[in-house]
Amino acid sequence: MERTAWNQGTLDLIDRRSSTRRFADGVEVTDEQRDAVLRAASRAPTAGAMMMYSIIDIRAQKTLDRLAVLCDDQPMIARAPWALVFVVDYCKWIDLFERVGCFEAAFIERTGIAARRAPGLGEFAIAAQDAVIAAQSAVIAAEAVGLGTCYIGDIVENAEEVRDLLDLPPHTVPLSMLILGEPVKERPATPHPVENLVMPERYRRADASTLDAQVAEMDALFRPHASGPGEHVLDIYTRKHTSDFMAEMGRSMERWLANWRGDRL
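Parameters and conventions
Residues numbered from 1 in each chain as written. Predicted model: local features only at pLDDT ≥ 70, side-chain atom pairs only at ≥ 80, totals over all residues. Heavy atoms only, no water. Helix = DSSP H or I, 4+ residues; strand = E, 2+ residues; numbered from the N terminus. Polar contact = N/O pair within 3.5 Å; in protein donor to acceptor, adjacent residues only side chain to side chain. Contact = heavy atoms within 4.5 Å. Axes fitted to C-alpha atoms, helices over the stretch in contact; angles between N-to-C directions. Left-handed = near helix turned anticlockwise from the far one by under 90°. Nonpolar A, V, L, I, M, F, W, Y, C, P; charged D, E, K, R; others polar. Parallel < 35°, antiparallel > 145°, perpendicular 65-115°, else oblique. Phe/Tyr/Trp six-rings, centres within 6.5 Å; stacked < 30°, edge-to-face > 60°. Buried < 20%, exposed > 50% of the residue type's maximum accessible area, 1.4 Å probe, protein only. Pairing = 2+ DSSP bridges.

## Brief notes about the side chain of Gln-74
Then, number 1: Inspection of the secondary structure puts Gln-74 in the loop between helix H3 (61–70) and helix H4 (75–79).
Then, number 2: Within the local environment of Gln-74, its side chain forms a polar contact with the side chain of Asp-154, the two groups lying 2.9 Å apart.
Then, number 3: When near neighbours in sequence (up to four residues on either side) are disregarded, Gln-74 contacts Ala-68, Ile-152 and Asp-154.

## A closer look at the packing of helix H2 (residues 31–42) against helix H7 (residues 121–144)
Helix-helix packing is characterised by the crossing angle of the two axes and by the distance between the axes.
Then, number 1: Packing of H2 against H7 brings their axes to within 7 Å, and their N-to-C directions diverge by 145°. The hand of the H2/H7 crossing is right-handed. Mapping the contact onto sequence places Ala-36, Val-37, Ala-40 and Ala-41 in H2 and Ala-134, Ser-137, Ala-138, Ala-141 and Ala-142 in H7.
Then, number 2: Here the contact of H2 with H7 is composed, by residue class, of eight nonpolar, one polar and no charged.

## Regarding the packing of helix H9 (residues 208–221) against helix H10 (residues 231–241)
Then, number 1: Close contact between H9 and H10 brings their axes to 7 Å; oriented N to C, the two are set at 85°. In terms of axis orientation, H9 runs roughly perpendicular to H10. Contact residues: H9 offers Val-215, Met-218 and Asp-219, while H10 offers Glu-231, His-232 and Val-233.
Then, number 2: Of the residues that constitute the contact of H9 with H10, the class distribution is three nonpolar, one polar and two charged.

## Side note on the packing of aromatic side chains
Then, number 1: Under the criterion given, the structure shown has four aromatic pairs.
Then, number 2: Plain terms: the ring middles of Trp-93 and Phe-97 are 5.8 Å apart, the flat faces sit at 45° to each other, and that makes the pair tilted. Of this pair, Trp-93 and Phe-97 both sit in helix H5 (residues 91–99), four residues apart, which is roughly one turn of the helix.
Then, number 3: Note on Phe-124 and Trp-260: the rings are 5.3 Å apart at their centroids and 80° apart in plane angle, and the pair reads as edge-to-face. Linking Phe-124 in helix H7 with Trp-260 in helix H11 (residues 244–261), this pair joins segments that are 136 residues apart in sequence. Trp-260 carries the same exposure label as Phe-124, and that label is buried.
Then, number 4: Among the aromatic residues, those joined into a ring-pair cluster are Tyr-90, Trp-93, Phe-97, Phe-124 and Trp-260.

## Notes on the pairing of strand S2 (residues 82–89)
For a regular strand, side-chain orientation follows a simple rule: the groups alternate between the two sheet faces.
Then, number 1: For S2, a buried count of eight out of eight residues is recorded, marking the element as mostly surrounded by other parts of the structure.
Then, number 2: Going residue by residue along S2, you find Trp-82, Leu-84, Phe-86 and Val-88 tucked away on one face and Ala-83, Val-85, Val-87 and Asp-89 tucked away on the opposite face as well.
Then, number 3: Where strand S1 (residues 53–58) meets S2, six bridges bridge the pair, whose relative direction is antiparallel. In the strand pairing of S2, Ser-54 is matched with Val-87.
Then, number 4: One ladder, built from eight bridges, connects S2 with strand S4 (residues 172–181); its direction is antiparallel. Across the sheet, the residue bridging to Leu-84 is Leu-178, located in S4.

## Some details on the sheet that holds S4
Then, number 1: Spatial ordering of the open sheet is given by S1-S2-S4-S3, a layout of four strands whose pairing is antiparallel. The two strands at the open ends of the sheet, each matched to only one other strand, are S1 and strand S3 (148–152). Strand-to-strand, the axes of this sheet are offset by a mean angle of 25°, without reference to chain direction.
Then, number 2: On the sheet, H11 packs against S2 and S4 and is oriented at approximately 120° with respect to S4.

## Looking at the environment of Arg-21
Then, number 1: Its location among the elements puts Arg-21 in the loop between helix H1 (8–16) and H2.
Then, number 2: The spacing of Arg-21 and Pro-183 is 162 residues in sequence and 7.9 Å in space, taken between C-alpha atoms.
Then, number 3: Setting aside chain neighbours within four positions, we find Arg-21 in contact with Met-76 and Cys-150.

Encoded structure:
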């Protein structure tokens, strides 16, 4: 396709998009905006047209307040007028299999297929892709209708309490959350490093010169916060990689994977 026929507006929207962490007070999300965002999420690519995700639409202040605490104590969640939790969901398919008789003796005898009542990690892999593709489709639609968004990966923390708050059944994992609302001000696009990102044909482990270029790029992009060589990488190591919240995310993900298999949290 000739470049003149490209939808440049869409590319520009993606290029200027940045996470919103401050929302305009008292400005509600309209029904038209909500419909556009949820419609876009429902139109996202999905493996086998199975749509192995569910979206929990959260507007109640009480729920937002509790999520702000459970998701690593982030007050911006409570200040957002709207949140969407994207749940990796195979429970609905187990229910459907049961509904049409897949686990009944007559079906098993006729087909020779033993009853399989729980998903495995293969299903999790494709269902997780379904969920995050839907979430990103919602992000782009939100930008198009004037809403800012921020991903909240901490939704996987405190698994037992999040499960109870959202009534999540076995065979589900709340993989990602978006908070949405009108931005309080224009946000500059966040710089994204590109060194050591695209690898032709196969994975290539970085050599010393590539690693040095990657460190230098990150230091340049994150000034003035990164004022010394390698400071941004050191910050990520101490603030993210070795943090208490990451340890909790790891613990909770073990519990969520058990829930996915059908073991009680």
